[in-house]
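Reading the structure
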Amino acid sequence: MINTLGLHKFDMAEYLESEEDIAYYLEATAEEDITLLPAALGTVARARGMSDLARSTGLSRETLYKTLSAGGNPTLSTLSKVLETYGVRISLAPINDKAAAV
């Protein structure tokens, strides 16, 4: 039915053109559901090139494809290397206002 209507499959990777786009996309994903972050990083990797990411991080493409997928479970070390390559970092904040007041 999609082909009949002339619609194309949406791919977020096509819209990640700048470092700012990447940062906003990853931030929105993490805020929505942190478990989706590895897959979101996989989308960024596809937008920027998985081979380039492998060279930058020193990790194999196979490892990156596996860990940056919907079911992937990257280590903190892997996440750190990938995030650093894309010029972003994870920051922590209190969940609610009561914790901020303490």
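Refer to the preceding data block for the structure.
How each quantity is defined
- Residues numbered from 1 in each chain as written.
- Predicted model: local features only at pLDDT ≥ 70, side-chain atom pairs only at ≥ 80, totals over all residues.
- Heavy atoms only, no water.
- Helix = DSSP H or I, 4+ residues; strand = E, 2+ residues; numbered from the N terminus.
- Buried < 20%, exposed > 50% of the residue type's maximum accessible area, 1.4 Å probe, protein only.
- Contact = heavy atoms within 4.5 Å.
- Lys, Arg positive; Asp, Glu negative; His and termini not counted.
- Charge placed at Lys NZ, Arg CZ, Asp CG, Glu CD.
- Salt bridge = Lys/Arg side-chain N within 4 Å of Asp/Glu carboxyl O.
- Phe/Tyr/Trp six-rings, centres within 6.5 Å; stacked < 30°, edge-to-face > 60°.

A word on the overall build of the chain. Along the chain, the regular secondary structure elements total 7 helices and 0 strands. Written out in order from the N terminus, the α and β elements of the chain read α-α-α-α-α-α-α. Projected onto its principal axes, the C-alpha positions of the chain cover 60 × 35 × 25 Å. Taking all 102 residues of the chain together, 29% fall into the buried category. Sequence-distant contacts, at least 24 apart, represent 54% of the contacts inside the chain between residues at least 6 apart. Measuring between centres, the 9 positive side-chain charges of the chain sit 8 Å from its 14 negative side-chain charges.

Glancing now at the pattern of salt bridges. Here the structure, examined in full by the defined rule, presents 3 salt bridges. The salt bridge involving Glu19 is made with Arg48; its shortest N-O contact spans 2.8 Å. A residue pair is termed long-range when its members are at least 10 positions apart, and Glu19 in helix 2 (residues 19–32) and Arg48 in helix 3 (residues 37–48) qualify at 29 residues. With relative accessibility at 41%, the residue Glu19 sits in the partly exposed group. The partly exposed category is assigned to Arg48, whose relative accessible area is 29%. A salt bridge links Arg55 to Asp52, with the shortest nitrogen-to-oxygen separation between them at 2.3 Å. Taken together, the residues Arg55 and Asp52, both in helix 4 (residues 50–57) and 3 residues apart, mark about one turn of the helix. Among the residues examined, Arg55 registers a relative accessible area of 60% and is labelled exposed.

Moving on, we get to the environment of Val88. Locating Val88 in the fold gives a position in the loop between helix 6 (76–85) and helix 7 (97–101). Judged by relative accessible area, which is 18%, Val88 ranks as buried. Residues Val88 and Ile22 lie 66 residues apart in sequence; the distance between their C-alpha atoms is 8.5 Å. With near-sequence residues (within four places) excluded, Val88 lies in contact with Ala23, Leu26 and Leu83.

The tally for this structure, following the rule as stated, stands at 1 aromatic pair. Taking 5.4 Å as the distance between ring centres and 15° as the angle between the ring planes, the aromatic pair formed by Phe10 and Tyr15 counts as stacked. The exposure class assigned to Tyr15 is partly exposed, which follows from its relative accessible area of 46%.

Here we come to the environment of Gly58. Its place among the elements puts Gly58 in the loop between helix 4 and helix 5 (61–67). Sequence-wise, Gly58 and Lys81 are 23 residues apart; in three dimensions their C-alpha atoms are separated by 8.8 Å.

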